[in-house]
Amino acid sequence: QVQFVESGGGLVQPGGSLRLSCAASGFTFSSSAMSWYRQAPGKERELVARITSTGGSRNYADSVKGRFTISRDNAKNTLYLQMNSLKPEDTAVYYCNRYYNARDYWGQGTQVTVSS
C-alpha cells in the first residue's frame with residue numbers, strides 16, 4: 001500500500017524558509033520519479049517541482065524557480081522541498097505525489113502559511 005506522510009509545514013513570515021519532508025512507503029521509492037504539488041484556497045492543484053528517481057534531473061514551476069529546491073534521499077525513502085524567500089502567494093497545502101500506471105498517489109498534505 002502506497003503511503004506518504006508529509007511534514008514540516010507551518011506559519012512563516014515573508015522572506016522566511018521552511019523544509020518540507022515526505023516519508024514514502026509501500027513501493028520502490030528509489031525507482032520512482034516524485035513531485036511536489038500545492039493547492040491554494042479556491043485554486044486548482046498545481047505542480048511545484050519534480051525530480052527523477054536518481055535525482056539527476058529536476059524541474060520547477062516558474063513561480064518557484066531560484067527559491068525552492070527539490071531533493072531526495074533514497075536510502076531514507078524521503079522526498080524534500082526546501083523553500084526559501086517565501087512569499088504570501090506560496091500559501092497553500094503542499095502534497096507529495098507519485099504518478100504510476102496512469103494513477104496519482106497523494107499524501108495528506110501539509111499546510112504552509114506565509115504571513116506577517
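Here, the structure is the one placed above.
So, here's what we can say about the structure.

Parameters and conventions
- Residues numbered from 1 in each chain as written.
- Predicted model: local features only at pLDDT ≥ 70, side-chain atom pairs only at ≥ 80, totals over all residues.
- Heavy atoms only, no water.
- Phe/Tyr/Trp six-rings, centres within 6.5 Å; stacked < 30°, edge-to-face > 60°.
- Helix = DSSP H or I, 4+ residues; strand = E, 2+ residues; numbered from the N terminus.
- Buried < 20%, exposed > 50% of the residue type's maximum accessible area, 1.4 Å probe, protein only.
- Lys NZ or Arg CZ within 6 Å of the ring centre and 35° of its normal.

We now examine the packing of aromatic side chains. Throughout the structure, instances matching the rule amount to four aromatic pairs. Centroid distance Tyr37 to Trp106: 5.0 Å. Interplanar angle 80°. Geometry classified as edge-to-face. Of this pair, Tyr37 sits in strand 4 (residues 34-39) while Trp106 sits in strand 10 (residues 103-106), and the two are 69 residues apart along the sequence. Ring geometry for Tyr95 and Trp106: centres 6.2 Å apart, planes at 80°, overall edge-to-face. A residue pair is termed long-range when its members are at least 10 positions apart, and Tyr95 in strand 9 (residues 92-100) and Trp106 in strand 10 qualify at 11 residues. On the accessibility criterion, Trp106 (32% relative accessible area) is partly exposed. Three or more aromatic residues joined by ring pairs form one cluster here, namely Phe4, Phe27 and Phe29. Taking NZ or CZ as reference, Arg72 lies 4.3 Å from the ring centre of Phe29, over its face.

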